Amino acid sequence: MFRTALRNVLAHKARLLMTVLAVMLGVAFVSGTLVFTNTISDALQKSSAKGFEHVDVAVTAEGRQDTGDTLGKAPELTRALLDDAARVPGAADAIGVVSGFTAMADKDGKLIGDGFQTQGGNYWGDKDPRYPLVSGSAPKGPDEVLVDSETAKRVGYEVGDTVRLSIDGPVLTPKITGIFTTDDGNVAAGGSLTLFDTATAQRLFGTTGTYDQIDVTAKAGVSQAALKAELDKALPKDVVETTTAGELADDQAMMIAESMSGLKQALLVFAGIALFVGTFIIANTFTMLVAQRTKELALLRAVGASRRQVTRSVLIEAFLVGAIAAVTGLIAGVGIGAGLRSLMGTLDATVPDGPLVISPGTIGTALAVGVLVTMLAAWLPGRRAAKIPPVAAMSSVHAQASVKSLVLRNTIGALFSAAGVAVILAATTMSGSDGQAPMGLGAVLLIIGVFVLTPLLSRPLIAAAAPVLRVFGVSGKLARQNSVRNPRRTAATASALMIGLTLITGMTVMAGSLQKSIDKMASAAIRADYVVSMANGNFLSPDVDEKLRQTEGVTATSPLRNAPARIGGETEYVTGVTGSTIGELTDLKVDSGTFEVGGTDVVVDAETAASHDWTAGSTFGASFEDGEKQQFTVAGVYEGNDLIRGIMLDNATLTPHLSDPTDMRVMVKTSDGASEATKDRLEKALGTNPGIKVQDKKDISNEIASMFTLMLNMLYGLLAMAVIVAVLGVINTLAMSVFERSQEIGMLRAIGLDRKGIKRMVRLESVVISLFGGVLGIGLGVFFGWAAGELLSTKMPTYELVLPWARMAVFLLLAATVGVLAALWPARRAARLNMLAAIKSE
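The present account deals with the structure reproduced in this document. (Residues numbered from 1 in each chain as written. Predicted model: local features only at pLDDT ≥ 70, side-chain atom pairs only at ≥ 80, totals over all residues. Heavy atoms only, no water.)

Structural notes on the overall build of the protein chain
Across its full length, the protein chain holds 28 helices and 25 strands. Residues counted as buried form 49% of the 842 residues belonging to the protein chain. Contacts spanning at least 24 positions in sequence make up 81% of the contacts within the protein chain whose residues lie at least 6 apart. When the accessible area of the protein chain is evaluated, it comes to approximately 37800 Å², of which 60% is carbon and sulfur surface. (Helix = DSSP H or I, 4+ residues; strand = E, 2+ residues; numbered from the N terminus. Buried < 20%, exposed > 50% of the residue type's maximum accessible area, 1.4 Å probe, protein only. Contact = heavy atoms within 4.5 Å. Areas by Shrake-Rupley, 256 points an atom, 1.4 Å probe, with all protein chains shown as cover.)

Brief notes about the pairing of strand β20 (residues 601-605)
Judged by how many residues are buried, β20 sits mostly within the fold: four of five residues are covered. Bridge analysis of β20 against strand β23 (residues 647-650) gives two bridges, and the strand direction is antiparallel. Opposite Val-603, over in β23, you have Met-648 as the bridge partner. (Pairing = 2+ DSSP bridges.)

Focus on the packing of aromatic side chains
Under the definition given, this model contains nine aromatic pairs. Between the aromatic rings of Tyr-131 and Phe-180, the centroid separation amounts to 5.3 Å while the plane-to-plane angle is 65 degrees, which identifies the pairing as edge-to-face. In this pair, Tyr-131 sits in the loop between β6 (118-123) and β7 (133-136) while Phe-180 sits in strand β11 (residues 175-180), placing the two residues 49 residues apart along the sequence. Comparing Tyr-131 with Phe-180 shows no difference in burial state: the two are buried. An aromatic cluster is present here, built from Trp-614, Phe-620, Phe-624 and Phe-632 joined pairwise through their rings. (Phe/Tyr/Trp six-rings, centres within 6.5 Å; stacked < 30°, edge-to-face > 60°.)

So, unusual backbone geometry
Although it is not a glycine, Asp-613 adopts a positive phi angle of roughly 65 degrees. Within the fold, Asp-613 resides in the loop between α20 (606-612) and β21 (619-623). Residue Asp-613 is classed as exposed on the basis of its relative accessible area, which comes to 69%. Its identity as a non-glycine residue notwithstanding, Thr-688 has a phi of 45 degrees, on the positive side. Take Thr-688: it is sitting in the loop between α22 (676-685) and β25 (692-695).

Describing the side chain of Thr-586
Here Thr-586 shows up in the loop between α19 (582-585) and β19 (590-593). A polar contact is formed between the side chain of Thr-586 and the backbone oxygen of Ile-582, at a distance of 2.9 Å. Not counting residues within four places of it along the chain, the set of residues in contact with Thr-586 comprises Ala-525, Ile-526, Arg-527, Phe-595, Ile-644 and Met-667. (Polar contact = N/O pair within 3.5 Å; in protein donor to acceptor, adjacent residues only side chain to side chain.)

Considerations on the sheet that holds β6
Strands sit in the order β4-β6-β12-β8-β11-β7 across an open sheet of six strands; the sheet is mixed. Lying at the two open borders of the sheet, with one neighbouring strand each, are β4 (99-101) and β7. Along the sheet, successive strands turn relative to each other by an average axial angle of 30 degrees, direction set aside. Summarising the sheet, strand β8 (residues 144-148) and strand β12 (residues 192-197) pair through two bridges and their orientation is antiparallel. Across the sheet, residue Val-147 finds its bridge partner in β12, namely Thr-194. (Axes fitted to C-alpha atoms, helices over the stretch in contact; angles between N-to-C directions.)

Concerning the sheet that holds strand β15 (residues 240-244)
Sheet architecture is open: four strands sit in the order β3-β14-β1-β15, paired in antiparallel fashion. Across the chains shown, the open sheet's two edge strands, defined by having one partner strand only, are β3 (91-97) and β15. Sheet twist, expressed as the average angle between the axes of neighbouring strands with direction ignored, equals 20 degrees. Both strand β1 (residues 57-61) and β15 contribute to a ladder of five bridges, which runs antiparallel. If you follow Thr-60 over to β15, its bridge partner there is Glu-241. Together, β1, β3, β14 (213-218) and β15 form the strand contacts of helix α7 (residues 224-234), whose direction differs from that of β15 by roughly 170 degrees.

Overview of the packing of helix α16 (residues 473-483) against helix α25 (residues 755-792)
Where α16 meets α25, the closest approach of the two axes is 8 Å, and the angle between their N-to-C directions is 45 degrees. One element, α16, and the other, α25, form an angle in the oblique class. Seen from above, α16 lies across α25 with right-handed handedness. Contact residues: α16 offers Ser-475, Gly-476, Leu-478, Ala-479, Asn-482 and Ser-483, while α25 offers Gly-757, Arg-760, Met-761, Leu-764, Glu-765, Val-768 and Ile-769. (Parallel < 35°, antiparallel > 145°, perpendicular 65-115°, else oblique. Left-handed = near helix turned anticlockwise from the far one by under 90°.)

A word on the packing of helix α14 (residues 436-463) against α25
Direction vectors running N to C along α14 and α25 enclose 155 degrees, while the axes themselves pass 11 Å from each other. When the interaxial angle is binned, α14 and α25 end up roughly antiparallel. Seen from above, α14 lies across α25 with right-handed handedness. On the side of α14, the interface is formed by Gln-436, Met-439, Ala-443, Leu-446, Ile-447, Val-450, Thr-454, Leu-457, Ser-458, Leu-461 and Ile-462, while α25 contributes Val-768, Phe-772, Leu-776, Leu-780, Phe-783, Phe-784, Ala-787, Ala-788 and Leu-791. Of the residues that constitute the contact of α14 with α25, the class distribution is 17 nonpolar, three polar and no charged. (Nonpolar A, V, L, I, M, F, W, Y, C, P; charged D, E, K, R; others polar.)

Here you go:
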């Protein structure tokens, strides 16, 4: 039976080619994902490990401990603690570390790197072992800085140049006194690192006289564990925490692995979708091969082969096909991983250098996936083959699906579909995360149900295309009849395309609807003409609000100042606003009371009010970081959203309690409204700061829209693999169908249908099947998009369903294009069949 299976694979290698390609693409996706993520993870881990070469034990401050109605005071790493650490037995040296966000502009005034990647720090003394100098000298005073060598090379900075920087708003223009090298991962990823002298860094990053971390190095012969033990004895345990460099490296490696696991899982999900779509092709291929070899299999049964042996022979064929596809897919996947690694460099999303990582796990996974998916998809056709009675098969009496089996199939499909719809509808009545799991279950049930019902649905839906097909005469009529001749085959082929378009349409509906809801939220909640914030979402200096208020044409401003407070035994963050102007700058719906902020009167969003059982007129006490407690009255309850929410009180009341007030954003109203001239005037008032964003409502919406567009385009690219696999399925089905109908095609040619007519017939059949899958996919996608939106609307009141009619039309056109392209080779092959040879074929 093994020899028979091998002979069959070799005999039908052309017909199995599309199956091999489909599985190969899925395996290549899987192995490429694993190679790429493992390579990036390994490079980042090795790079981060280099960053701990100049530290043996790191000393950090313990977190703030809040108790009762009191906000705890965060312990500080002072110079005295650093000196104590340096004097510990076994310690060779101790360095105080200070770091924070530092926006750096290039020579055109634009921000270098993404916000979170532009960092600053301190250069310790005259020679810091962490940052070897390539040229120049250590910085002295607030007007001197060092720049990393990668940024200097990329931008063109040299020693002696003046650079524009921003920490929390005000623009700094120090001179570059030196260039240094670093293994910092942010720099490797396209960011920048700027170093000040320690005193300047402490002042700029709000840690005057203190450090973020103390790095202690051990003397020769002293282990990290021994040094840690000595530090634990010498330093107060309630103030500091000590960690060895080995533990830091392990923690960093775990964080990198966790961050990469999200990307890996997301990519593997799409690889799984492509493989799932591929199973339709595999099952279709083996079903058709078994049907074409009915007599052969019956003869094997007649000469003594058991049902198990017949099934086993089909599975052996599947194993051989899967093994070939897995090996070629693995090789292609290694190439994909290497290509993605190189692509990141061309997109300036650089990562540390490192070798391509092809782990044994990647090889094993690729081989197992390719073989198992193919064998599982081929099992059912093999089982059906073994059930055909030898006499019936040898007599060419092909076993058609009985009425009973069709009724059973349709009943099961209807039950699954009804259950799926019911669960999804029930999930839409739930709130937020409670409905996610039921909705996912309902979606799976509905997709299974629709797939099972697809043969039943094919007849009425394809019949609806009859008026259009009549335009093409005999070719159109034959194409329609051929499309519904074998509903199961048509269903399996169309379902492959249906799944891809379901996901694409559903995500498009969600993205468009979310964008519309965010636009409504911004326009409904904000009356301000502009919102000013840091590029990385960091805190702004209060100086920014002061400069904006003094700018010509500005009529009202309000900083949004966040601060912790203890309320009812829990820590909550309150937002300070300018009480006299916040009403001009926002347009929030008030559920009860009035929107008046001033003195001890505050306003609270409905969700926070409900959690504390507050209503308009309620009073509560709040304790702040200075230890003072104050009573407040809820003047009103408003409807919050993702842009504005929480407890709002007057800055005049909040600021005296804060030692270092900082703002998240500043809202600005101008006399001329939003315009390019006004925006330019505000930016110039802030010194054309590279680290600050001045955005009107349209800018905010466009920024969010660009994120949705980028995400959607990435998802389109990932789902393109599933669509490509579906195209291979259509090609495969048509090619094998042409082979099956060779005699019929020869007869059509003999009675007068020319080659153009044959080609047209095959092409129209392909287009009809593809459009059938497209209609089902778009319909399901719209339904899933609506359902997910209903679930989301419980958390986003401005959510509104938007149907992207233009894009859906493009998707239908895409489905038709898939049909035309997929039919090119099968149609050409059908037209070139020798008429007499085809008539004589069995």
